[in-house]
Amino acid sequence: MSALLELQGAGISFGGLHAVDDLSFAVEKGHIVALIGPNGAGKTTVFNMITGVYRPTKGKVCFQGQEITGWQPHAIARAGIMRTFQTIRLFPAMSVFENVRAGGHLRAQQYWWQGMLSLPAQRREETALAERTHEILCKLDLDRFANEPATSLPYGVQRRVELARTLAAEPKLVILDEPAAGLNDAESSALNRTIFGIRDSGITVLLVEHDMNVVMNVTDHIVVINFGRKIAEGNAAAIRSNPQVIEAYLGRDENEAENVT
Ligand SMILES: Nc1ncnc2c1ncn2[C@@H]1O[C@H](COP(=O)(O)OP(=O)(O)O)[C@@H](O)[C@H]1O
Ligand SMILES: [Mg+2]
């Protein structure tokens, strides 16, 4: 199996509610994959199962061929899965630079023992981290905000800072929960380019998104869920013309259907 991430019959219930049930799909290495579905379909819950926030009550989650079901969130992050959240979570007292560097510390901590044994090695690590932080800031067009307090910036910029922070941890897989939410058209097109850039740097991307400009234009593969179950998967063209997908979205009231497209 060449899949980087694989869910096999994964499910979770809260009380009597099957929020996600019997869900299987794979994310191939180097792909950009979208998980879509109407509000309440279970998308964030799937992300929470993958990242260890929730423990699946059924099935398996495998990463790089290794089962990670039930692992603690920090162990899953160390294994190489990093995420952003549906609502922004930045460190308010820190600058943009410090926020992004904090993401890199997760990786640097693996070398904490070097700090104990020799100070120069630790200093080298800090310098390398600062350089990498700077590189990521440039790549995401954030370098001019480096010294600004992160939470004082416009919403679209804060979302980019959050993305930069996850990249600083050098993940193998990034999981983005509605990265285009609240962005204007120009920002959402810029996000498309950023997502391509992430993929081109060798990082696999799994995202939940309602913005069809993002979903249809950037993804290699789309998985559609409704009521916690998979109803379709395929490329953008196949998904757009899939009758079950159309029904899942059109079977809702007009305002909501517009919302989720
Ligand atoms: N911790 C929880 N306890 C109880 N129900 C939950 C919990 N988390 C999610 N759910 C339920 O699971 C379903 C899917 O939610 P969610 O994954 O947030 O949907 P989506 O992200 O697709 O909008 C909803 O019915 C939600 O109320
Ligand atoms: Mg959600």
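A quick note: this is a predicted structure, and the numbers were derived from the prediction, not measured. Per-chain numbering applies: the sequence of each chain, read as written, is numbered from 1 onward. Chains and ligands are labelled by the order in which they are written, letters from A for the one and numbers from 1 for the other. Per-residue local features of the predicted model are confined to residues with pLDDT of at least 70, and side-chain atom pairs are confined, for both listing and counting, to 80 or more; whole-chain, interface and lining totals are unaffected and use all residues. The basis for the side-chain values is all heavy atoms of the structure; hydrogens and waters are excluded.

**Observations regarding the domain arrangement of the protein chain**
The test is simple: The split into domains, and so the bounds of each, comes from an automatic or database assignment of domains. Here, residues are in contact when the closest pair of their heavy atoms is within 4.5 Å. By buried area we mean how much accessible surface two parts lose on assembly, using a 1.4 Å probe and totalling the loss over both. One speaks of a salt bridge when a side-chain nitrogen belonging to Lys or Arg is within 4 Å of a carboxyl oxygen belonging to Asp or Glu. We count a stretch as a helix when DSSP gives it H or I for four or more residues in a row; a strand needs E for two or more, and each element gets its number in order from the N terminus. Residue polarity follows a fixed list, in which Ala, Val, Leu, Ile, Met, Phe, Trp, Tyr, Cys and Pro are nonpolar, Asp, Glu, Lys and Arg are charged, and the others, Gly among them, are polar.
Parsing the protein chain into structural domains produces domain 1 (1-80 + 171-261) and domain 2 (89-170). The interface is formed by 18 residues belonging to domain 1 together with 14 residues belonging to domain 2. Between domain 1 and domain 2 lies a buried interface of about 1,200 Å² when both sides are counted; carbon and sulfur atoms form 62% of it. Considering only the side of domain 1, the residues that lose the most area to domain 2 are Arg78, Pro171 and Thr194, jointly responsible for 41% of the buried surface there. The tally of links between domain 1 and domain 2 comes to zero salt bridges. Ranked by residues supplied to the side of domain 1 that touches domain 2, first place goes to helix α7 (residues 185-200) with four residues. Looking at the side of domain 1 that touches domain 2 residue by residue, the classes come out as ten nonpolar, three polar and five charged.

**Section: the sheet that holds strand β8 (residues 204-208)**
To be explicit about the condition: Only strands that DSSP links by at least two bridges are regarded as paired with each other. The convention used is that axes are lines fitted to C-alpha atoms, helices contributing only their stretch in contact, and that angles between N-to-C directions extend from 0 to 180 degrees.
Here we have six strands laid out as an open sheet, ordered β6-β7-β8-β3-β9-β10, and mixed in their pairing. Each having just a single partner strand, β6 (81-83) and β10 (229-234) make up the two edges of the open sheet. Each neighbouring strand pair of the sheet contributes to a mean axis angle of 20 degrees, computed without reference to strand direction. The pairing of strand β3 (residues 32-36) with strand β9 (residues 221-226) spans four bridges and is classified as parallel. When the sheet's bridge partners are listed, Leu35 is paired in β9 with Val223.

**Quick look at α7**
Rules: The span expected for a helix works out to 1.5 Å for each residue beyond the first. Relative accessibility under 20% of the residue-type maximum defines a buried residue, over 50% an exposed one, and the middle range a partly exposed one, all with a 1.4 Å probe and only protein chains included. Between N or O atoms, a polar contact is any pair within 3.5 Å; within protein, one atom must be a potential hydrogen donor and the other a potential acceptor, and residues adjacent in sequence are included only when both atoms are from side chains.
Compared with the 22 Å implied by 1.5 Å per residue over 16 residues, the 23 Å span of α7 between its first and last C-alpha is a close match. Listed as buried for α7 are Ser188, Leu191, Asn192, Thr194, Ile195 and Ile198. Contacts made by the buried residues of α7 are with β3, α6 (155-168), β7 (173-177), β8 and α8 (212-218). The distance from a side-chain oxygen at the start of α7 to the backbone nitrogen of Ala186 is 3.2 Å, and the residue carrying that oxygen is Asn184. Of the residues one or two after α7, Gly202 is the one with positive phi, at around 100 degrees.

**Focus on the site of ligand 1**
To keep it simple, the criterion reads: Note on definitions. A residue lies near a molecule or strand when any single heavy atom of the residue is within 4 Å of it.
In the vicinity of ligand 1, the residues found are Phe14, Leu17, Ala19, Pro38, Asn39, Gly40, Ala41, Gly42, Lys43, Thr44, Thr45 and Tyr54. Residue Ala41 places a main-chain N or O atom 3.2 Å away from an oxygen atom belonging to ligand 1. A distance of 2.9 Å separates a nitrogen atom of ligand 1 from a polar atom in the side chain of Tyr54. Listing elements by their share of the shell around ligand 1, those giving two or more residues are β2 (17-28) and α1 (43-50). Per element, the largest residue contribution to the shell around ligand 1 is three residues, and it comes from α1. Classifying every residue of the shell around ligand 1 gives six nonpolar, five polar and one charged.

**Focus on the environment of Leu207**
Inspection of the secondary structure puts Leu207 in strand β8. Along the chain, Leu207 and Ala34 lie 173 residues apart, while their C-alpha atoms are 4.8 Å from each other. Among all residues touching Leu207, those that are not within four sequence positions of it are Ile32, Val33, Ala34, Leu35, Phe47, Leu176 and Ile195.

**Observations concerning the nonpolar core**
To keep things clear, this is the line we draw: What is meant by a nonpolar core is a set of buried Ala, Val, Leu, Ile, Met, Phe, Trp, Tyr and Cys residues, joined one to another through side-chain atoms within 4.5 Å.
In terms of nonpolar packing, the biggest core is built from 43 residues, with Ile36, Leu142, Ile195, Val205, Ile222 and Ile239 touching the most fellow members. Per-element accounting of this core gives the leading share, six residues, to α6. Shared between two domains, this core holds at least three residues of each, these being domain 1 (1-80 + 171-261) and domain 2 (89-170). Non-local contacts of Leu142, meaning those with residues more than four positions away in its chain, are made with Leu137, Val157, Arg160, Val161 and Ala164. Core analysis: the next-biggest nonpolar cluster, separate from the first, contains 29 residues, Ala10, Leu35, Phe47 and Val208 among them.

**Brief notes about the confidence of the model for the protein chain**
The criterion, for reference: As a per-residue quantity, pLDDT reports the predictor's confidence and falls between 0 and 100.
With 90% of its residues at a pLDDT of at least 70, the protein chain reaches an overall mean of 89. Across the protein chain, element-level confidence peaks in strand β4 (residues 58-63) with a mean pLDDT of 98 and bottoms out in helix α11 (residues 254-260) with 46.

**Focus on the sheet that holds β4**
Strand pairing within a sheet occurs via backbone hydrogen bonds; the two strands may be parallel or antiparallel. Taken in spatial order, the four strands of this open sheet run β2-β1-β4-β5, and their pairing is antiparallel. With one partner strand each, in any of the chains shown, β2 and β5 (66-67) form the two edges of the open sheet. As paired elements, strand β1 (residues 3-14) and β2 share eight bridges and run antiparallel to each other. Across the sheet, residue Ala3 finds its bridge partner in β2, namely Glu28. Each of β1, β2 and β4 is contacted by α1, which is oriented at about 115 degrees to β1, the strand it contacts most.

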